[in-house]
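Results of the structural survey
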Amino acid sequence: MTAISKVLWRIFCAIELPATIRERVLRSIADLKEAVPDARASWARETNLHLTLKFLGDIPETIVPDFSNAVSRAVVGMKSFPIRFEETGAFPTRGQPRVLWIGTNDDSGKLAELHAKIEEESALAGFAREARSFHPHLTIARLRNPQHARVLAATHKQMKFEPVEATVSELLVIRSELSSEGSKYTVVSRHPFGVR
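It is worth spelling out the layout of surface pockets at this point. The calculated volume of the largest pocket comes to roughly 1200 Å³. Looking at the largest pocket, it is lined by 36 residues, and the ones nearest its centre are H50, T52, H137, T139 and R142. Of all elements in the fold, only strand 1 (8–16), strand 2 (42–43), strand 3 (50–60), helix 3 (110–124) and strand 6 (137–142) reach the threshold of two or more residues within the lining of the largest pocket. A per-element tally of the lining of the largest pocket places strand 6 first, with six residues. Taken together, the residues of the lining of the largest pocket break down into 15 nonpolar, 12 polar and nine charged. The space that makes up the second largest pocket amounts to roughly 180 Å³. What lines the second largest pocket is E16, R22, E46, T47, L49, H50, L172, I174, Y185, T186 and V187.

Structural data, given as structure tokens:
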């Protein structure tokens, strides 16, 4: 009897951003590159800009539909809601910056509610709960080289990000394939709000 090899897919659940917001983020990235040209970073590409709500990492391809079904159950009864992108920062908050981000404002609390539903339905489907608290943000750069990283992070915080609003009305389950050219994202399933 031969062993069946498990094909692993790197999977996460996210909110797709409208083109207007992606353009604004790309302008911010261009301004940062111009302000600190010597900084070395892996910058987010337009096709990869999204707001992650749950990251599973590598899971067997055969159970990806289980996660898609959990996300589908999580959005039942949800209505579209606004979120605002604003604020800039870096992770970690102390020490050498490794990630630059643009934050979100969830005044209505609906984003946190949606995240809780995803966690609940995912746990019922057998997926581990996220141990860290939920801090939604757009990752715009990963800083690979410590040289100029602090200057870049400080410049990012000083430049601010003019607040812009988006309407959330569906979730995507996405597969990420890592390569030397960066991550390639493929939408596995779409989950519009309110569909039974």
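Still more ground to cover, so stick around.
Going through the model one piece at a time under the given rule, you end up with five aromatic pairs. Aromatic side chains F12 and Y185 sit 5.3 Å apart centroid to centroid with 75 degrees between the ring planes, which places their arrangement in the edge-to-face category. One end of the pair, F12, is in strand 1; the other, Y185, is in strand 9 (residues 184–192), with 173 residues separating them in the sequence. Here the aromatic cluster, defined as three or more aromatic residues joined through ring pairs, consists of F12, F55 and Y185. Over the ring of F161 we find R24; its NZ or CZ atom is 5.1 Å from the centre of that ring.

A word on the sheet that holds strand 2. Read from one edge to the other, the open sheet built from five strands follows the order 2-6-5-4-7, with strand pairing classed as antiparallel. Across the chains shown, the open sheet's two edge strands, defined by having one partner strand only, are strand 2 and strand 7 (164–168). Here strand 4 (residues 81–91) pairs with strand 5 (residues 99–105) via seven bridges, running antiparallel. Across the sheet, G89 pairs through a bridge with W101, a residue of strand 5. Strands strand 2, strand 4, strand 5 and strand 6 of the sheet are contacted by helix 4 (residues 149–159), whose axis makes an angle of about 145 degrees with strand 4.

Remark: helix 1 (residues 19–35) packs on helix 4, axes separated minimally by 10 Å, with the N-to-C direction vectors making an angle of 130 degrees. Taken together, the axes of helix 1 and helix 4 lie oblique to each other. Once helix 1 is placed against helix 4, the crossing between them reads as right-handed. Only L152, T155, H156 and M159 of helix 4 make contact with helix 1, whose side of the interface consists of D31, L32 and A35. Residue composition of the contact of helix 1 with helix 4, grouped by class: four nonpolar, two polar and one charged.

Turning to helix 3, a few remarks are in order. Because the α-helix completes a turn every 3.6 residues, residues three or four places apart line up on one side. Look at helix 3: 21 Å from first C-alpha to last across 15 residues, which is about the 21 Å you get at 1.5 Å a residue. Buried residues along helix 3 sit in contact with strand 1, strand 3, helix 2 (64–74), strand 4, strand 5 and strand 8 (170–177). Looking one or two residues past helix 3, G126 carries a phi angle of roughly 100 degrees, positive in sign.

So, on to the side chain of T155. Looking at the secondary structure, you find T155 in helix 4. The buried category is assigned to T155, whose relative accessible area is 15%. If near-sequence neighbours (up to four positions away) are discounted, T155 is found in contact with L32, A35 and V36.

Across all of its chains, the model carries 12 salt bridges by this definition. Across the pair E16 and R190 runs a salt bridge whose closest N-O atoms are separated by 3.2 Å. With E16 in strand 1 and R190 in strand 9, this residue pair connects regions lying 174 residues apart in the sequence. The residue K54 makes a salt bridge to E119 at a minimum N-O spacing of 3.2 Å. Note that K54 is positioned in strand 3 and E119 in helix 3, a separation of 65 residues in sequence. Here K54 and E119 have matching classes, each one buried.

Calculation criteria
- Residues numbered from 1 in each chain as written.
- Predicted model: local features only at pLDDT ≥ 70, side-chain atom pairs only at ≥ 80, totals over all residues.
- Heavy atoms only, no water.
- 1 Å grid on protein atoms, 1.4 Å probe; cavity = no way out; pocket = protein on both sides within 12 Å on 5 of 7 lines; lining within 4 Å.
- Points joined across faces, edges and corners; volume = space filled by probe spheres on them.
- Helix = DSSP H or I, 4+ residues; strand = E, 2+ residues; numbered from the N terminus.
- Nonpolar A, V, L, I, M, F, W, Y, C, P; charged D, E, K, R; others polar.
- Phe/Tyr/Trp six-rings, centres within 6.5 Å; stacked < 30°, edge-to-face > 60°.
- Lys NZ or Arg CZ within 6 Å of the ring centre and 35° of its normal.
- Pairing = 2+ DSSP bridges.
- Contact = heavy atoms within 4.5 Å.
- Axes fitted to C-alpha atoms, helices over the stretch in contact; angles between N-to-C directions.
- Parallel < 35°, antiparallel > 145°, perpendicular 65-115°, else oblique.
- Left-handed = near helix turned anticlockwise from the far one by under 90°.
- Expected span 1.5 Å × (residues − 1).
- Buried < 20%, exposed > 50% of the residue type's maximum accessible area, 1.4 Å probe, protein only.
- Salt bridge = Lys/Arg side-chain N within 4 Å of Asp/Glu carboxyl O.

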